[in-house]
Amino acid sequence: MAMKDKGLNQVASEVMNPRVITATRGTNVNILVRQLLTGQFSGLPVVEDDGEVVGIVSEFDVIQALLNGQDLTMLKAEDIMNTPAVCVTEESPLIHVLQLMIEHRIIRLPVVRNRKLVGMISRPNILSQMVDVTVPKAHVLPVCYWCERICDDVQSQPHQEIWCDLAEYLQRHGVSSVEITFSPKFCPSCAPVIRHLMEGSTPAH
Ligand SMILES: [Zn+2]
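To start, this report covers the structure provided alongside it.

Conventions adopted
- Within each chain, residue numbers correspond to sequence positions counted from 1 in written order.
- Two thresholds apply to this predicted model, a pLDDT of at least 70 for residue-level local features and 80 or more for giving and counting side-chain atom pairs, whereas whole-chain, interface and lining totals are computed over all residues.
- Hydrogen atoms and water are omitted, and side-chain values are computed over all heavy atoms in the structure.
- Numbering of helices and strands runs from the N terminus; a helix is a DSSP stretch of H or I covering at least four residues, while a strand is a stretch of E covering at least two.
- Here, nonpolar core refers to any group of buried Ala, Val, Leu, Ile, Met, Phe, Trp, Tyr and Cys residues whose side-chain atoms link them within 4.5 Å.
- In this scheme, a residue with accessible area under 20% of its type's maximum is buried, one over 50% is exposed, and one in between is partly exposed, where area comes from a 1.4 Å probe on protein chains only.
- The contact criterion used throughout is that any non-hydrogen atoms of two residues lie within 4.5 Å.
- Throughout, the arc means that of the directions going from the helix axis to the C-beta atoms.

### Comments concerning the environment of His-173
Piece 1. Mapped onto the elements of the fold, His-173 is located in helix α7 (residues 166-173).
Piece 2. As for His-173 and Asp-152, which are separated by 21 residues in sequence, their C-alpha atoms are 9.6 Å apart.

Structure (structure tokens):
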């Protein structure tokens, strides 16, 4: 499969997701986790009252706080957010967005106008612009928090789940990542490791 004609010759505003849930500096991390676990967002931008982006909280930041033995109910978004957030503007070409993702090892970033949030752009948004594939509706796929593999429920037998890379899944089923809703969980390989880490990091009472 070759890259689509339009491919990366588009700008951020054309592929971003304008429906974004945000947090403020004072948002309790417990509430953030609930938002993250809806599966629609793997990271939330943290904004001031006027919409200026000050940071971003990802699932990984929450996981790290847990591994450090921190109590999520005692934490605010500003305690664990990555700041300053790497942002792009609506006019940023996709190739530039992609370079920033690679350079900063991030998978999503805020799109801003005069430093104020107008949308989010993520790795699947970009991948979907690069490949030409047919789009079935409403694909809900479990994705692992830790290794980011996808559960291939089409191929899987009960009690024998197949977990694979997103790219592998897309290729096998000829679907586009834009039509996929991700439902995060831990895969069977990662779950025991995480459980062990969590137990190990919790102080005994
Ligand atoms: Zn996993």
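### Observations regarding the nonpolar core
Soluble, globular proteins show a tendency: their nonpolar side chains are buried together.
Piece 1. Of all hydrophobic cores here, the largest spans 17 residues; its most connected members are Val-29, Leu-32, Val-46, Val-57, Val-62, Leu-72 and Ile-80.
Piece 2. Listing elements by their share of this core, those giving two or more residues are α2 (29-36), β1 (43-47), β2 (53-58), α3 (59-67) and α4 (77-80).
Piece 3. Per-element tally for this core: the top contributor is α2, with four residues.
Piece 4. Each residue touching Val-57, except ones within four places of it in the same chain, is listed here: Leu-32, Gly-43, Leu-44, Val-46, Val-62, Ala-77, Ile-80 and Met-81.
Piece 5. Judged by nonpolar contacts, the second largest core, of 15 residues, contains Val-88, Leu-98, Val-111 and Met-130.

### Remarks on helix α5 (residues 94-104)
Side chains of residues three or four places apart in an α-helix project in the same direction, reflecting 3.6 residues per turn.
Piece 1. Within the sequence span of α5, burial applies to Leu-94, Val-97, Leu-98, Leu-100 and Met-101. For α5, the buried positions fall inside an angular range of 160 degrees around the axis, keeping them on one side. Exposed and facing more than 90 degrees away from the buried side of α5 are Ile-102 and Glu-103.
Piece 2. Of the surrounding elements, those touching the buried residues of α5 are α1 (12-15), β3 (88-89), β4 (108-113), β5 (116-122) and α6 (123-130).
Piece 3. Of the residues trailing α5, Arg-105 is marked for its positive phi of about 50 degrees.

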